[in-house]
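# A closer look at the structure
Chain by chain, the residues run as shown.
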Amino acid sequence: MAFIEFQDVRKVYHMGSVDVTAVDGMTFSVEKGELCVIVGPSGAGKTTVLNMLGGMDKPTSGVIRLGDRVVSDMDDRQLTYYRRLDIGFVFQFYNLVQNLTAVENVELAAQICPDPLPAAEVLERVGLGHRLDNFPAQLSGGEQQRVAIARAIAKNPQLLLCDEPTGALDYQTGKQILELLQDTCHETGQPVCIVTHNLAFTQIADRVIHVREGRASKIEVNSHPASAATVEW
Ligand SMILES: Nc1ncnc2c1ncn2[C@@H]1O[C@H](COP(=O)(O)OP(=O)(O)OP(=O)(O)O)[C@@H](O)[C@H]1O
Ligand SMILES: [Mg+2]
């Protein structure tokens, strides 16, 4: 069995009298250690997929598994622990706590986990060893995203989920963030899922899930993914 499994997952939002089908029978799997890119146009259902995988949203039907656990069967309390302990999230707009320093932001997230990595060491690893005591407002967008990635990694999670992690960054900085995510995935063996609308990112993935109208329209496996340092878009 694969490490991540989606089996015929549907998500319908009820908006008053209108039903919005965000995910419409999605089936895919991701192996341990893979960098997975989930790509598709706006409104295709990418964020909804990521949120269900991360336990932030529940499917209407279907089965979601991570390792030997069935995420789609968890109750609210189990989902809270799952989000806290097992998942590292990276968002487009970093979501750092503004009145805590870089190292404090990382420590805050890691302290609720049983087996965290040392905050300063992880910040060193993402290239911010010299900015530990800076507040988010004193850091560039790319540096803030590195802190956010360090925060996710320091939890020592089962899985890293990134929703448009380069969406707010310029080209070069975005590329460096992709390199960091690719290196993290390959060095730690933790699977990383990146949601994007940018087809160029698919070159660096071990596995690509193309999403269209709430379905996996195509799944590709790259036996020789490109290094993030060399991709152009
Ligand atoms: N909480 C919600 N309530 C109602 N409808 C929602 C909700 N979340 C998403 N949707 C709808 O579900 C569909 C898929 O949304 P989703 O955010 O997953 O798309 P996306 O692929 O991430 O798009 P984008 O690239 O613009 O971020 C859209 O039609 C959206 O309006
Ligand atoms: Mg989205």
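Residues numbered from 1 in each chain as written. Chains lettered and ligands numbered in written order. Predicted model: local features only at pLDDT ≥ 70, side-chain atom pairs only at ≥ 80, totals over all residues. Heavy atoms only, no water.

### Some points on the nonpolar core
Keep this limit in mind: For the purposes of this section, nonpolar cores are sets of buried Ala, Val, Leu, Ile, Met, Phe, Trp, Tyr and Cys residues that join through side-chain atoms within 4.5 Å. Working definition: with a 1.4 Å probe on protein chains only, accessible area under 20% of the residue-type maximum means buried, over 50% means exposed, and in between means partly exposed. Helix and strand definitions here come from DSSP, where helices need a minimum of 4 consecutive H or I residues and strands a minimum of 2 consecutive E residues; each element is numbered from the N-terminal end. Pairs of residues are marked as contacts when any of their non-hydrogen atoms sit within 4.5 Å.
Ranked by internal contacts, the top residues of the largest apolar core, which has 39 residues, are Leu 123, Val 147 and Ile 194. At the level of elements, β3 (35–39), α3 (102–110), α4 (119–125), α5 (141–154), β7 (159–163), α6 (171–188) and β8 (192–196) are the ones that each hand at least two residues to this core. At 7 residues, α5 tops the list of elements feeding residues into this core. The contacts of Val 147, once residues within four sequence positions are left out, are Leu 96, Ala 102, Asn 105, Val 106, Leu 123, Leu 128 and Leu 139. Counting residues in each nonpolar core, the second largest holds 30 residues, with Phe 6, Val 23, Tyr 82 and Val 211 among its members.

### Overview of the UniProt feature "domain: ABC transporter" (unreviewed entry) in the chain
Defined as follows: UniProt positions are given in the numbering used here, feature names are shortened, and annotations may be inferred rather than shown by experiment.
Under the UniProt annotation, the feature "domain: ABC transporter" (unreviewed entry) is placed at residues 4–233. Along residues 4–233, the helical share is 29% and the strand share 28%, with 29 Å between the first and last C-alpha atoms.

### Describing the site of ligand 1
This is how the line gets drawn: Proximity is defined per residue: if any heavy atom of the residue lies within 4 Å of a molecule or strand, that residue is considered near it. Throughout, the Shrake-Rupley method with a 1.4 Å probe supplies accessible areas, and for residues the shown protein chains are the sole cover considered.
Close to ligand 1 lie Tyr 13, Met 15, Val 20, Ala 22, Pro 41, Ser 42, Gly 43, Ala 44, Gly 45, Lys 46, Thr 47 and Thr 48, which account for all nearby residues. Taken by itself ligand 1 offers 640 Å² of open surface, and the protein chains cover 62% of this. Those elements giving two or more residues to the shell around ligand 1 turn out to be β1 (4–15), β2 (18–30) and α1 (46–53). Per-element tally for the shell around ligand 1: the top contributor is α1, with 3 residues.

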